[in-house]
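# Overview (structure and organization)
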Amino acid sequence: MSTILFELGCEELPPKSLKPLRDALQASVTEQLTAADITFDSIKAFAAPRRLAIQIQGISDKQPDRTEQKRGPAIKAAFDSDGNPTRAAMGFAKGLGIEASELITINTDKGDYVGYEQTIRGQATTELLPAIFQTALDNLPIAKRMRSGASRNEFVRPVQWVVLMQNDTVIDATIQGHQTGTQTRGHRFHSPDYHNIENAKDYEQLLDGLKVVADFDKRQMLINNQVKALADEVNSDAIVPQDLLDEVTALVDFPIALRASFEARFLQVPQEALISTMQADQKYFCLTDKTGKLQPYFIFITNIESKDPNQIIEGNEKVVRPRLADAEFFFLQDQKQPLFALTESLKNRVFQDKLGTIWEKSERIAKLAAFIATLMQQQGHDINVDETVRAGILSKADLASSLVGEYPELQGIAGTYYARLNDEPEAVSASLEEQYLPKFSGDVLPQTPIGICLALADRLDTLVGIFAIDQAPTGSKDPFSLRRSAIGILRILIEKQLPINLVALVEQAIKGYSDAEGSKIAKMGDTFTQVMAFLNSRYRAMYTEQGVSVDTIQAVQAINPHMPLDFDQRIRAVQAFSELSQASMLADSNKRVANILAKSEVSVADTVNEALLSESAEQNLYASVKQAQTVVQPLLEQAGYTQVLQTLASLDEPLTQFFDQVMVNSEDVALKNNRLALLKQVRALFLTVADISELQL
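The text that follows walks through the structure, step by step, so that each part is easy to find. If you're wondering where the values come from, they're calculated on a predicted model, not measured in any experiment.

## Focus: the packing of aromatic side chains
With the rule as written, the count across this model stands at 13 aromatic pairs. Between phenylalanine 46 and tyrosine 203 the ring centres are 5.3 Å apart and the planes differ by 70°, which places this aromatic pair in the edge-to-face class. Separated by 157 residues along the polypeptide, phenylalanine 46 in strand E2 (residues 42-48) and tyrosine 203 in helix H5 (residues 203-209) bring together distant segments of the chain. For phenylalanine 46, a relative accessible area of 0% gives the class buried. Here the aromatic rings of tryptophan 161 and tyrosine 194 are separated by 6.2 Å at their centres, their planes lie at 85°, and the arrangement is edge-to-face.

This is the structure we're talking about:
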């Protein structure tokens, strides 16, 4: 057992790719070692701005020997009646380079064959490793590779050195066009020269002394701890997005956190703009107080241990000041006119070539949002329809602002700031930011009633319009993010407990494209059908992400509920039903009932003639069905689907007895049709909730 060290030294690697490259390198090497039957105790990957490395401890020195069995022709074909090898046997032996006398008999279930067993000696690990590491490098997820100078070898950045060692010895090889050695390099400024690695196990400790924290996770932990300590000193919390933290970790070998400040006057600017420019442009960590309000501080990570940190702090303050001043200028410039005035320029901005301007979209959003607000009012929600219309008209106004022009990610957010400055009603102001929620899977939903109306109206308008012009998503292409929009619609209606029918919403959204000059939608019927099918298809993606089984989703989709809240209640009911002891039997019985009814050559009656129920088993089933119908009806009116299925579970025994004792396809046509009518009632009872026959229990 020994320790292996591989290190690839490069020019600075792309920071956003460093962590994925590290993970992919380790995964590939691990997979190849396992496939080659080489055992090891542990494997650890390192990643820093100028290096990728792998350290393998307790690795076996060679592959184990293995016995390989070759099977030839059948015994009957391999030897003649006198026991002499035939041409078939001799040809098989010659192909293996052995004498026919060395062949053995292999017994199998299909008969006896001649064969040969040979021992394959395992290769030395050091012989296999160069190819393993080169293959791992070749398979790294690199979008665009480059060549350095006259070299034909390609990599994401020019390679400068390669280390490959077993304990204290070089494994001689050429990887990425470089001869392997034992020399690495330290920090670019603090320790730029080559340094010899005495032993593979000393790698991490050696680099620590050379001002390189090679372990990515350790480096990230150091950054986290330093940032928290500096934030605590000013009683603040640091904003540390994981993507930004990963990128900053990939930019430094030896992280040192420093805190700087900026003028408090910039805090009048929307803090989202300040945070955006400091994070995206400067890779700074912003600080907020305990209520989330931005503070006039930021923390940055330097890669140099300076004798005079104040110079570095002053330099960063000097760099960030013009960027914050730009944001301040745009913010003040926008305030020279009210938010509503910005809507005028929306009349010249195209939303989509065939669907009109952004102003026209705003008008459609206002009308559709008002329709939704009216429905919510009828359901008891406290919402002002006139304010909803106002919010719809203002919903896209900030797209014409200078601030959003510079920081597109502030759309909606800027509108909320400007609306409050213009003394718009708070319900209107808050909704302008909320209209874009949820922005991604798992994101928060709009909280205010008007925000909910705008979020639904905006998505429905886009969905209908894009389908109307035949730009529906295809394969992996979804340029308008319609899949995400559809799931957003479903989530809002379900999680906000809004019993609103999708049919009404889609029809109203289609009507929004009509005016005095006609409709922008040529095939309104086709558009309605396609949008409804698209929305219904999103249930599967949404619920499978929550861990709901596909057959449960299919059971509810089979009856095609048009109200997402109702769909969700049925999903939960079927999930609970699946846990019942009777569920499996009832699912099978429902399949049987469905098949029998499907094969009926005549139209099955809706009513049962009680006088024709001659068998006790069918009489018992009929009585159970009648009792279930009585219990189920009021439960359905209250959407008590879980209780409905629990009630129907009592049909388990009567159904089993019915199928055991009653011949459905009786020769007596009247009896047969009456029994089919009884089964139809059973089927109808279950279909009030879902098609239980779809369940695979």
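## What to know about the pairing of strand E18 (residues 294-302)
Where burial is concerned, most of E18 is hidden: eight out of the nine residues are buried. Note: strand E16 (residues 256-261) against E18, six bridges, orientation antiparallel. Across the sheet, residue alanine 257 finds its bridge partner in E18, namely isoleucine 301. Pairing between strand E17 (residues 285-288) and E18: three bridges, direction antiparallel. For threonine 288, the partnering residue across the bridge sits in E18 and is leucine 294.

## Side note on the sheet that holds strand E5 (residues 104-108)
Spatial ordering of the open sheet is given by E4-E6-E5, a layout of three strands whose pairing is antiparallel. One side of each edge strand has no neighbouring strand; the edge strands of this open sheet are strand E4 (66-74) and E5. Adjacent strand axes in the sheet meet at a mean angle of 45° when their direction is disregarded. As judged from the five bridges shared by E5 and strand E6 (residues 111-120), these two strands associate in the antiparallel manner. For threonine 108, the partnering residue across the bridge sits in E6 and is glycine 111.

## Concerning helix H17 (residues 482-495)
The end-to-end C-alpha distance of H17, which contains 14 residues, comes to 20 Å, matching closely the 20 Å that a straight helix rising 1.5 Å per residue would cover. Within H17, 10 of the 14 residues are buried, which leaves the element mostly enclosed by the surrounding structure. Within the span of H17, buried status applies to Leu482, Ser485, Ala486, Gly488, Ile489, Leu490, Arg491, Ile492, Leu493 and Ile494. Its buried side turned inward, H17 meets helix H16 (449-468), helix H18 (502-511), helix H19 (524-545) and helix H21 (564-578). Once H17 finishes, glutamine 497 follows within two positions and takes phi at roughly 55°, a positive value.

## Things to note about the nonpolar core
Within the largest apolar cluster, 141 residues are counted, with the highest numbers of intra-cluster contacts made by Met278, Ile372, Leu403, Leu502, Tyr543, Leu645 and Leu648. Looking at this core, the element that brings in the most residues is H16, giving 13 residues. The residues touching leucine 648, leaving out its near neighbours within four places in the chain, are Leu586, Ala628, Val632, Leu685 and Phe686. Judged by nonpolar contacts, the second largest core, of 37 residues, contains Leu21, Ile43, Phe133 and Ala173.

## A word on the sheet that holds strand E9 (residues 159-166)
Read across the sheet, five strands follow the order E2-E3-E1-E9-E10 without closing on themselves; strand pairing throughout is antiparallel. Bordering the open sheet on either side are E2 and strand E10 (169-170), each of which pairs with just one other strand. The pairing of strand E1 (residues 2-10) with E9 spans seven bridges and is classified as antiparallel. Along E9, the bridge assignment pairs leucine 8 with valine 162.

What counts, and where the lines are drawn
- Residues numbered from 1 in each chain as written.
- Predicted model: local features only at pLDDT ≥ 70, side-chain atom pairs only at ≥ 80, totals over all residues.
- Heavy atoms only, no water.
- Phe/Tyr/Trp six-rings, centres within 6.5 Å; stacked < 30°, edge-to-face > 60°.
- Helix = DSSP H or I, 4+ residues; strand = E, 2+ residues; numbered from the N terminus.
- Buried < 20%, exposed > 50% of the residue type's maximum accessible area, 1.4 Å probe, protein only.
- Pairing = 2+ DSSP bridges.
- Axes fitted to C-alpha atoms, helices over the stretch in contact; angles between N-to-C directions.
- Expected span 1.5 Å × (residues − 1).
- Contact = heavy atoms within 4.5 Å.
- Core = buried A, V, L, I, M, F, W, Y, C linked by side-chain atoms within 4.5 Å.

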